[in-house]
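Chains, contacts and geometry: an overview
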Amino acid sequence: MVTSLLSISLGAILINNFIFSQFLGCCPFLGVSQKVDTALGMGLAVTFVMGMSSALCYVVTGLLNALGLNYMGTLAYILIIASLVQLVEMFLKKNIPSLYSSLGIYLPLITTNCAVLGVVLLNVQNSYNFIESVTYGITGGLGFLVAIVLFASVRERLQFAEYPKSFEGFPIALVSAGLLALAFMGFSGMKIW
């Protein structure tokens, strides 16, 4: 069991990273990655939502299957994710208003972040049990956190770098994201037990 959880964890963080390997969740990745502190806040919020939605959606999947309503799964998952994002948004607005304002429009976009829905759908597709689902959700979020913080730190350093004028702004961000994705591709041949 421990080997299975370790394999799921390392796979979600490094080998099958949602951003760099599966290309899920690129909108907030590119939009909120201009400062490390903002990227850290977004990564933590996504990790929380992924972990909680994995747990809740596992229970809901069992209920839907028992009632013969498994075709309603995706709709139920979207409602659960939207509710969790609303809770995170209310918490940040009340307790950390500076982070709430710096995340701006990207905070409600966690609801439509395909990485969050992707982790839930992959849990169902891979037939993970409850512990494996929650582990995959949390470590998938941690993989998102690692990706967005790494990219934000690169983007902060790019402000002082010299590159051709035609690469200013978004083009250099895309080139940097591509190079980081190539670096993470080095983990793709990694075998875990």
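This section reports on the structure supplied with the text. (Residues numbered from 1 in each chain as written. Predicted model: local features only at pLDDT ≥ 70, side-chain atom pairs only at ≥ 80, totals over all residues. Heavy atoms only, no water.)

Let's shift gears to the side chain of T135. Position of T135 among the secondary structure elements: in helix α7 (residues 130–158). A relative accessible area of 16% means that T135 is categorised as buried. Ignoring any residue separated from it by four or fewer positions in sequence, one finds T135 in contact with L5, I8, S9 and G140. (Helix = DSSP H or I, 4+ residues; strand = E, 2+ residues; numbered from the N terminus. Buried < 20%, exposed > 50% of the residue type's maximum accessible area, 1.4 Å probe, protein only. Contact = heavy atoms within 4.5 Å.)

If you walk through the whole model with that rule in mind, you get 1 salt bridge. When the shortest N-O distance is used, the salt bridge between E168 and K165 registers 3.6 Å. According to the relative accessible area criterion, K165 is exposed, its value standing at 64%. (Salt bridge = Lys/Arg side-chain N within 4 Å of Asp/Glu carboxyl O.)

Tallying each qualifying case throughout the model produces 7 aromatic pairs. Between Y58 and F130, the ring centres sit 5.6 Å apart and the planes meet at 65°, which makes this aromatic pair edge-to-face. With Y58 in helix α3 (residues 36–67) and F130 in helix α7, this residue pair connects regions lying 72 residues apart in the sequence. Classification of Y58 as partly exposed rests on a relative accessible area of 35%. F130 sits in the partly exposed class, given a relative accessible area of 34%. Both rings, one in F184 and one in F187, keep their centres 5.6 Å apart while their planes meet at 70°; by these two values the pair is edge-to-face. Three or more aromatic residues joined by ring pairs make a cluster, and in this case those are F20, F29, F151, F184 and F187. (Phe/Tyr/Trp six-rings, centres within 6.5 Å; stacked < 30°, edge-to-face > 60°.)

On to the packing of helix α4 (residues 73–95) against helix α6 (residues 114–125), then. A pair of packed helices can be characterised by two numbers: the angle between their axes and the separation between those axes. Running from N to C, α4 and α6 cross one another at 135°; their axes reach a closest spacing of 10 Å. As far as their axial angle goes, α6 and α4 are oblique. Pair α4 / α6 crosses with right-handed handedness. Contact residues: α4 offers T74, Y77, I78 and I81, while α6 offers V116, L117, V120, L121 and V124. Broken down by class, the residue content of the contact of α4 with α6 amounts to 8 nonpolar, 1 polar and no charged. (Axes fitted to C-alpha atoms, helices over the stretch in contact; angles between N-to-C directions. Parallel < 35°, antiparallel > 145°, perpendicular 65-115°, else oblique. Left-handed = near helix turned anticlockwise from the far one by under 90°. Nonpolar A, V, L, I, M, F, W, Y, C, P; charged D, E, K, R; others polar.)

Our focus in this paragraph is the state of the cysteines. Applying the stated rule across the entire model yields 0 disulfides. Not part of a disulfide, C27 finds its nearest cysteine sulfur in C114, a span of 8.8 Å. Just so you know, C57 is unpaired, no disulfide at all, and the nearest cysteine sulfur is the one on C114, 15 Å from it. On the accessibility criterion, C57 (1% relative accessible area) is buried. (Disulfide = S-S within 2.5 Å.)

Since there are 3.6 residues in each turn of an α-helix, residues three or four apart along the chain are aligned in direction. In a regular helix each residue adds 1.5 Å, so 12 residues correspond to 16 Å; α6 covers 15 Å between its end C-alpha atoms and thus fits that length. Taken together, the buried positions of α6 are A115, V116, G118, V119, V120, L122 and N123. Looking at the buried positions of α6, the neighbouring elements they touch are α3, α4 and α7. Count one or two residues on from α6 and you reach S127, which has phi positive near 55°. (Expected span 1.5 Å × (residues − 1).)

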